[in-house]
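The primary structure of each chain is shown beneath.
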Amino acid sequence: MDNSVKNIAILGSTGSIGRQTLQVIRNLPRRFHVVGLTAGKNLELLSEQIAEFQPKFIYYQSDNTSKVKSQKSKFLSMEDIARHPEVDTVVIATSGKAGLDATLAAVRAGKNVAIANKEPLVMAGEIITGEAKRCNARILPIDSEHSAIWQCLNGEPQPPKRIILTASGGPFRGYSEAQLDKVTASQALKHPSWKMGKKVTIDSATLMNKGLEIMETRWLFDVPIDKISVVIHPQSIIHSMVEFVDGSFKAQLSYPDMRFPIQYALTQPERVPNAELPKLDWSKIQGLTFEMPDFKNFPCLELAISAARTGGTCPTVLCAADEMAVELFMKEEIKFTDIARLVRQALQDHKPILHPTLEDIIKTDEQVRKSTWKLAGKKK
Ligand code: MG
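Criteria and cut-off values
- Residues numbered from 1 in each chain as written.
- Predicted model: local features only at pLDDT ≥ 70, side-chain atom pairs only at ≥ 80, totals over all residues.
- Heavy atoms only, no water.
- Helix = DSSP H or I, 4+ residues; strand = E, 2+ residues; numbered from the N terminus.
- Rg over C-alpha atoms; globule rule 2.2 N^0.38 Å.
- Buried < 20%, exposed > 50% of the residue type's maximum accessible area, 1.4 Å probe, protein only.
- Contact = heavy atoms within 4.5 Å.
- Lys, Arg positive; Asp, Glu negative; His and termini not counted.
- Charge placed at Lys NZ, Arg CZ, Asp CG, Glu CD.
- Domains from an automatic or database assignment.
- Buried area = accessible area lost by both parts, 1.4 Å probe.
- Salt bridge = Lys/Arg side-chain N within 4 Å of Asp/Glu carboxyl O.
- Polar contact = N/O pair within 3.5 Å; in protein donor to acceptor, adjacent residues only side chain to side chain.
- Axes fitted to C-alpha atoms, helices over the stretch in contact; angles between N-to-C directions.
- Parallel < 35°, antiparallel > 145°, perpendicular 65-115°, else oblique.
- Left-handed = near helix turned anticlockwise from the far one by under 90°.

### Some words on the overall build of the chain
Across its full length, the chain carries 15 helices and eleven strands. Relative to the globule expectation of 21 Å for 380 residues, the C-alpha radius of gyration of the chain, 20 Å, shows essentially globular dimensions. Along the first, second and third principal axes, the C-alpha set of the chain runs to 60 × 55 × 40 Å. Classification of the 380 residues of the chain by burial places 56% in the buried group. At a minimum sequence separation of 6, the contacts of the chain that also span at least 24 residues come to 68%. In the chain, the 49 positive side-chain charges and the 43 negative ones have mean positions that sit 2 Å from each other.

### So, the domain arrangement of the chain
In terms of domains, the chain is made up of domain 1 (6-141) and domain 2 (147-310). Between the C-alpha centres of domain 1 and domain 2 the distance comes to 24 Å. Between domain 1 and domain 2, the contact holds 28 residues from the first and 30 residues from the second. Buried surface at the junction of domain 1 and domain 2, summed over both partners, amounts to about 2,500 Å²; 65% is from carbon and sulfur atoms. Our count for the contact surface shared by domain 1 and domain 2 stands at four salt bridges. A salt bridge links R31 to E270; the nearest nitrogen and oxygen atoms lie 3.1 Å apart. There are seven residue pairs in polar contact (both at pLDDT 80 or more) connecting domain 1 and domain 2.

### Here we look at helix α9 (residues 198-206)
In terms of burial, α9 is largely enclosed, as eight of its nine residues are buried. Residues of α9 that are buried include every one of K199, V200, T201, I202, D203, S204, A205 and T206, and no others. Contacts from the buried residues of α9 go to α5 (118-134), α8 (185-188), α10 (208-221), α12 (300-310), α13 (314-330) and α14 (336-349). Phi turns positive, to about 70°, at L207, one or two residues after α9.

### Overview of the side chain of T267
Mapped onto the fold, T267 is located in helix α11 (residues 259-267). Separated by 2.9 Å, the side chain of T267 and the backbone oxygen of E270 make a polar contact. When residues no more than four places from it in sequence are discounted, the contact partners of T267 are K6, L28, F32 and V272.

### A closer look at the packing of α10 against α13
Closest axis-to-axis distance for the α10/α13 pair is 12 Å, and the angle between their directions is 150°. Taken together, the axes of α10 and α13 lie roughly antiparallel to each other. Crossing of α10 against α13: the hand is left-handed. Taken together, the residues of α13 that come into contact with α10 (itself represented by M208, L212 and M215) are P315, L318, C319 and D322.

Here's what the structure looks like:
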């Protein structure tokens with residue numbers, strides 16, 4: 001095989017980022033070879049992907065194996081696929097904390113780790129970035145804001161003065177507390193500008209997503225929390241900005257489409273034409289506007305910032321309580337405003353461990369999931 005062809009494994013290939021990664025790969029033929037695909041429960045789509053890409057290695061979570069028809073692919077665990085010698089780049093497209101172990105396996109095997117899944121970095125950022133240094137792994141951000149920051153910092157020898165994360169504000173921007181009390185899961189899932197998975201879409205509606213992104217920024221670019229701020233930019237054209245010591249800013253712009261950051265993570269430092277990606281039409285853009293976030297009615301942002309400042313196990317508590325609360329909200333078991341309430345309670349009840357081991361993090365995660373479920377009055 002041609003040496004310039006990159007061998008890719010996609011963990012979470014049937015989710016939103018996984019499907020869009022395969023679209024990019026389809027659009028850039030002869031550059032990539034898909035060697036591994038893993039999925040949770042969508043075995044029908046996984047079977048279609050296996051038929052099209054013929055990966056050597058597969059993994060799926062569901063017991064219903066009869067649906068997956070593949071004589072050629074070998075079944076391995078996510079971690080074994082992530083660390084396999086035949087894999088060059090691992091795309092972490094899983095959701096929630098599901099990608100944590102595989103991310104560490106990929107990092108410890110010195111891979112290029114293109115990461116879209118926020119929670120591993122939020123929960124175990126210190127461990128993952130430390131291991132990446134030790135094992136010569138590269139962590140390549142796929143989250144659009146972090147891809148923007150990365151592109152702005154490329155070629156800059158000095159550290160940034162400040163990083164400004166942009167946020168669309170989600171579907172409930174400008175809503176009062178009384179209005180937020182009544183919103184439904186289907187309303188929250190209608191994001192005004194981005195096409196994303198369900199968990200991140202709900203997190204965008206609460207602004208928790210931006211809080212998690214502050215922590216991702218902290219670890220990916222080694223920038224203190226106090227140098228990272230958030231501005232609401234409803235058009236989602238500017239994907240983040242970096243300010244330098246001379247007062248100059250750099251920003252990265254495109255239509256909101258996750259295939260841009262996915263493609264950059266896969267082809268960098270090279271830029272490659274892709275006819276399928278939407279090009280900005282300046283005659284149609286009416287304006288780019290900015291406003292400050294509403295911390296009062298969207299308390300998840302402040303909760304995340306305070307968890308980030310304390311650090312240690314606090315971000316894990318935040319992630320675990322949020323993942324449970326979002327699940328309960330999607331099942332219509334709790335109100336939208338209860339998400340922040342449950343997260344706040346979990347943080348208040350927790351005694352932080354400041355320099356946790358991976359075991360501390362996993363234990364904290366399990367405890368908080370259980371207690372949040374109980375706090376919401378549910379049995380599991
Ligand atoms: Mg993002």
